[in-house]
Amino acid sequence: MDLEVLSDISYGLYALTVNDNGRPTGCIINTLIQVTSFEPIYMAISLNKDSYTNEVIKRTKKYGISILSVDTPREVIQRLGFASGRNRDKMGGIEYEDCNGLPRILENCTGFLCFDLVDHINVDTHDILIGKLVDTCVTDGEPMTYKYYHEVIKGKAPKSAPTFLTNK
Ligand SMILES: Cc1cc2nc3c(=O)[nH]c(=O)nc-3n(C[C@H](O)[C@H](O)[C@H](O)COP(=O)(O)O)c2cc1C
């Protein structure tokens, strides 16, 4: 198989956030898709089984997704996307506010989506989490694509990301 073809698949870039007993934490994901079109709207994400955010979502059944804009500093993506929140404060230095009990990132985001976890499917190294969209918030800006992250920001994805293999 020529896996190079996988790099032609398009994605966005998101900060997935949770409330860990009053402590905000989260990680970076690119794997968000809308599954249904009418209310209730369901969306799916692919999350590594080792991810601490995954553990918190299964416990709290709630998560938020901030849509990152092209102005997101590379350091924010590094901070959230390359370390575990299990033993580190990843949200320190990142401005956020409470939205339905979840941390909503305030800077360089074009919108926020709030989810209730409804199901999860075991797929080898990852889980597919299915969430029901329960609230949204729209702000300004140009959403960052995965292609932009690679080509303009010159960013990479870690081994835990489903798209690791097709890192340029
Ligand atoms: C650009 C980028 C995209 C990523 N996409 C995903 C993804 O879709 N799913 C996933 O499980 N991890 C993804 N990751 C990796 C997680 O953000 C990373 O494993 C993080 O350290 C997990 O933190 P946690 O243990 O605090 O949840 C991505 C990272 C980057 C930088």
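None of the values given here were measured: they were computed from a predicted structure.

(A) Fine view of the overall build of the protein chain. The secondary structure content of the protein chain amounts to three helices and nine strands. Dimensions of the protein chain, computed from C-alpha atoms along their principal axes, come out at roughly 40 × 35 × 35 Å. For the protein chain, the proportion of its 168 residues judged to be buried stands at 45%. In the protein chain, once contacts between residues fewer than 6 apart in sequence are set aside, the share between residues at least 24 apart is 63%. Taken as a whole, the protein chain presents about 9100 Å² of accessible surface, with 53% of it coming from carbon and sulfur. Each charge sign in the protein chain was given a centre, from 18 positive and 22 negative side chains, and these centres are 6 Å apart.

(B) Representation of the sheet that holds strand β8 (residues 109-123). Overall, antiparallel pairing links the seven strands, which are arranged β2-β1-β5-β8-β9-β4-β3 in an open sheet. Strands with a single pairing partner mark the edges of an open sheet, and in this sheet they are β2 (23-29) and β3 (32-34). Neighbour-to-neighbour, the strand axes of this sheet turn through a mean angle of 35°, independent of strand direction. Against the sheet, helix α1 (residues 52-60) makes contact with β1 (14-20), β2, β4 (42-48), β5 (62-68), β8 and β9 (126-138), and its axis sits at roughly 55° relative to β1, the strand it touches most. Packing against the sheet, helix α2 (residues 74-81) makes contact with β1, β2 and β5, and its axis sits at approximately 105° to β2.

(C) Local environment of a nonpolar patch on the surface. On the surface, Met1, Leu3, Val5, Leu6, Ile9, Phe164 and Leu165 cluster together to form a nonpolar patch covering roughly 730 Å² of accessible area. Among the secondary structure elements, Ile9 is positioned in the segment before β1.

(D) Local environment of the site of the ligand. Neighbouring the ligand are 28 residues, the closest being Thr31, Ser51, Thr53, Gly85 and Ser160. A distance of 2.7 Å is found between an oxygen atom of the ligand and a side-chain nitrogen or oxygen belonging to Thr31. Between the ligand and Gly85, the relevant distance is 2.7 Å, taken from an oxygen atom to a main-chain nitrogen or oxygen of the residue. Summarising the interface, the protein chains cover 96% of the accessible area of the ligand, which totals 650 Å² for the free molecule. Listed by contribution, the elements that provide at least two residues to the shell around the ligand are β2, β4, α1, α2 and α3 (146-151). With four residues, β2 is the single largest residue contributor to the shell around the ligand. Considered class by class, the residues forming the shell around the ligand number 14 nonpolar, 12 polar and two charged.

What counts, and at which threshold
Residues numbered from 1 in each chain as written. Predicted model: local features only at pLDDT ≥ 70, side-chain atom pairs only at ≥ 80, totals over all residues. Heavy atoms only, no water. Helix = DSSP H or I, 4+ residues; strand = E, 2+ residues; numbered from the N terminus. Buried < 20%, exposed > 50% of the residue type's maximum accessible area, 1.4 Å probe, protein only. Contact = heavy atoms within 4.5 Å. Areas by Shrake-Rupley, 256 points an atom, 1.4 Å probe, with all protein chains shown as cover. Lys, Arg positive; Asp, Glu negative; His and termini not counted. Charge placed at Lys NZ, Arg CZ, Asp CG, Glu CD. Pairing = 2+ DSSP bridges. Axes fitted to C-alpha atoms, helices over the stretch in contact; angles between N-to-C directions. Patch = residues over 30% accessible without salt bridge, like charges linked within 9 Å, V, L, I, M, F, W, Y side chains within 5 Å. Salt bridge = Lys/Arg side-chain N within 4 Å of Asp/Glu carboxyl O. Near = heavy atom within 4 Å. Polar contact = N/O pair within 3.5 Å; in protein donor to acceptor, adjacent residues only side chain to side chain. Nonpolar A, V, L, I, M, F, W, Y, C, P; charged D, E, K, R; others polar.

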